[in-house]
Amino acid sequence: MPTPSHRYRDIERTAEYLQPEKCLPPPVDNSMDKVWFIKDGCGIACAIVTWFLVFYAEFVVIFVMLLPSKDLVYSTINGIIFNILAFLALASHLRAMITDPGAVPKGNATKEFIESLQLKPGQVVYKCPKCCSIKPDRAHHCSVCKRCIRKMDHHCPWVNNCVGESNQKFFVLFTMYIALISLHALIMVGFHFLYCFEEDWTKCSSFSPPTTVILLILLCFEGLLFLIFTAVMFGTQVHSICTDETGIERLKKENPTWEKTSSWDGMKQAFGGGFSPAWFSPFSGTLYHQVPQDIETGKGEIVTGRLEGHVEVIEIRGGIGHCTNS
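Quick caveat, the model's predicted, so the values are computed rather than measured.

1. Regarding the overall build of the chain
Consideration 1: When you go through the chain residue by residue, the secondary structure sums to seven helices and nine strands.
Consideration 2: Buried residues in the chain amount to 48% of all 326 residues.
Consideration 3: Counting contacts in the chain only where the partners sit at least 6 residues apart, residues at least 24 apart contribute 70% of the total.
Consideration 4: As presented, the chain carries roughly 16,900 Å² of accessible surface, and 65% of it is formed by carbon and sulfur atoms.

2. Focus: the pattern of salt bridges
Here the idea is simple: oppositely charged side chains can pair when their charged atoms come close.
Consideration 1: Per the stated rule, a full pass over the model turns up five salt bridges.
Consideration 2: Among the salt bridges present, the one from Arg138 reaches Asp244, with a minimum N-O distance of 3.0 Å. With Arg138 in the loop between strand E2 (133-134) and strand E3 (139-142) and Asp244 in the loop between helix H5 (209-243) and helix H6 (247-251), this pair connects stretches of sequence that are 106 residues apart. Per residue, the accessibility class of Arg138 equals that of Asp244, and both read buried.
Consideration 3: Between Asp265 and Lys268 there is a salt bridge, with the nearest N and O atoms lying 3.7 Å from each other. Highlighted residues: Asp265 and Lys268, both in helix H7 (residues 263-271), separated by three residues, approximately one helical turn.
Consideration 4: Overlapping salt bridges, with partners in common, bring together Arg138, Lys151, Asp244 and Glu249 in one network.

3. Digging into the state of the cysteines
Consideration 1: Evaluated as defined, the whole model comprises one disulfide.
Consideration 2: Each sulfur in the disulfide pair Cys196 and Cys204 lies 2.2 Å from the other. For the disulfide bridge between Cys196 and Cys204, the dihedral angle about the S-S bond is near 105°, and by the sign convention the bridge is right-handed. Assigned by exposure class, Cys196 and Cys204 land together as buried.

4. Quick word on the pairing of strand E4 (residues 147-150)
Consideration 1: A two-sided burial pattern is seen for E4, the buried positions comprising Arg147 and Ile149 on one face and Cys148 and Arg150 on the other.
Consideration 2: Of the pairings in the sheet, the one linking E3 to E4 comprises four bridges and is antiparallel in character. Among the inter-strand pairings, Cys142 is bridged to a residue of E4, identified as Arg147.
Consideration 3: What sits between the antiparallel neighbours E3 and E4 is a turn of four residues, in which Lys146 has the positive phi angle 60°.

5. Observations regarding the nonpolar core
Consideration 1: Counting 46 residues, the largest nonpolar core has Val61, Met65, Leu219 and Phe271 as the members making the most contacts within it.
Consideration 2: Of all the secondary-structure elements, those providing two or more residues to this core are helix H1 (41-66), helix H2 (72-98), helix H4 (168-198), H5 and H7.
Consideration 3: When residues of this core are assigned to their parent elements, the largest contribution, 14 residues, is made by H4.
Consideration 4: Once you skip the residues sitting within four places of it in the chain, Phe271 turns out to touch Lys169, Val172, Leu173, Ile241, Trp279 and Gly285.
Consideration 5: With nine residues, the next largest nonpolar core counts Cys142, Cys145, Met152 and Ile248 among its residues.

6. Brief notes about the packing of H2 against H4
Geometrically, a packed helix pair is captured by the angle between its two axes and the distance between the axes.
Consideration 1: Interaxial distance between H2 and H4 falls to 8 Å at its minimum, and their mutual angle equals 155°. In terms of orientation, H2 and H4 fall into the roughly antiparallel class. Relative to H4, H2 is oriented so that their crossing is left-handed. Seen from H2, the contacting residues are Tyr74, Asn78, Ile81, Phe82, Leu85, Ala86, Leu88, Ala89, Ser92, His93, Arg95 and Ala96; seen from H4, they are Phe170, Phe171, Leu173, Phe174, Tyr177, Ile178, Leu180, Ile181, His184, Ala185, Met188 and Phe191.
Consideration 2: For the contact of H2 with H4, a count of residues per class yields 19 nonpolar, four polar and one charged.

7. Let's talk about the UniProt feature "transmembrane region" (unreviewed entry) in the chain
Consideration 1: Here, UniProt's "transmembrane region" (unreviewed entry) annotation points to residues 42-66, 72-91, 170-193 and 213-234.
Consideration 2: The annotated region residues 42-66 carries 100% helix and 0% strand content, and the separation between its end C-alpha atoms amounts to 35 Å.
Consideration 3: In this annotation, residues 213-234 is assigned 100% helix and 0% strand; the end-to-end C-alpha distance for the span is 31 Å.

8. Some thoughts on the packing of aromatic side chains
Consideration 1: In this structure the tally under the stated criterion is eleven aromatic pairs.
Consideration 2: Ring centres of Phe193 and Phe197 lie 6.2 Å apart, and the angle between their planes is 25°; this geometry places the pair in the stacked category. Here Phe193 pairs with Phe197, and both are found in helix H4, just four residues apart, close to one helical turn.
Consideration 3: Classification of Phe197 as exposed rests on a relative accessible area of 60%.
Consideration 4: Ring geometry for Phe271 versus Trp279: centroids 5.2 Å apart, planes at 25°, classification stacked. The pair Phe271 / Trp279 is uniform in exposure class, with both members buried.
Consideration 5: Members of the aromatic cluster, joined through ring pairs, are Trp264, Phe271, Phe275, Trp279 and Phe280.

Quick notes on the rules
- Residues numbered from 1 in each chain as written.
- Predicted model: local features only at pLDDT ≥ 70, side-chain atom pairs only at ≥ 80, totals over all residues.
- Heavy atoms only, no water.
- Helix = DSSP H or I, 4+ residues; strand = E, 2+ residues; numbered from the N terminus.
- Buried < 20%, exposed > 50% of the residue type's maximum accessible area, 1.4 Å probe, protein only.
- Contact = heavy atoms within 4.5 Å.
- Areas by Shrake-Rupley, 256 points an atom, 1.4 Å probe, with all protein chains shown as cover.
- Salt bridge = Lys/Arg side-chain N within 4 Å of Asp/Glu carboxyl O.
- Disulfide = S-S within 2.5 Å.
- Pairing = 2+ DSSP bridges.
- Core = buried A, V, L, I, M, F, W, Y, C linked by side-chain atoms within 4.5 Å.
- Axes fitted to C-alpha atoms, helices over the stretch in contact; angles between N-to-C directions.
- Parallel < 35°, antiparallel > 145°, perpendicular 65-115°, else oblique.
- Left-handed = near helix turned anticlockwise from the far one by under 90°.
- Nonpolar A, V, L, I, M, F, W, Y, C, P; charged D, E, K, R; others polar.
- UniProt positions renumbered as here; feature names shortened; annotations may be inferred.
- Phe/Tyr/Trp six-rings, centres within 6.5 Å; stacked < 30°, edge-to-face > 60°.

The structure is reproduced here in structure tokens:
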């Protein structure tokens, strides 16, 4: 429930959008297992490229390096490790892409919903003028998802989704597993080059020497690029979880008005409980829960639709709540 200590929100400066009556009620969703998916052309293209690059690495590792190898043990062990990591990376990517990152119900800034919050005199609610929803603390509006996202860190086109409180774990796992398969591929490329230099190039691969070199160089470039990128993203995300500060909050240098959790509690909340193998599984969830929408209706009188300078006023009988632009 919002309190006077909640930090300021950006507001709409056009008076007609301040009235809850202007907001359409949120659509009724009767499907319990509706898949979250953002219809963004750039994001979909980036997601397809991501899968293509993983499959390219899989092709080079299996058909250029491991199958032609004379060492069966080496090929078997590295093949199993690489394929497990690749599977976990793609599974994490898929979960990060189709999991609701923590979207606020759209269009719930109606008079009835505001009344149901049972606000006390002097308390403040914040309305997003773009998606017409009541904005929880630490929520930000995403122009791509067209929704307010709770604890939004950033919008990532590579997963075609926002990274928020409900899917941050899957994004962290995705960056971790991509970094690991990139490192693994680079190590195998190094060993394969040494093997080919010592042996006849025509015997170290099923392809011609020029084709083999080109494929290995491309894989080396891809692996090095994604290793650096995903390792940095992984470290940034873990740091955000441990400091309980999202990327947007850090970028805007916002003073925290919320009670920060400890590093360990933040990790447990994001990864779904105490440390266990489930932390590394993209098939287990987090400890974040959706905000309940069925709240007992109160009897407070709401006076809205008044603009005083650049202040949006939502008045509760017996007191006035307000917010200003930051």
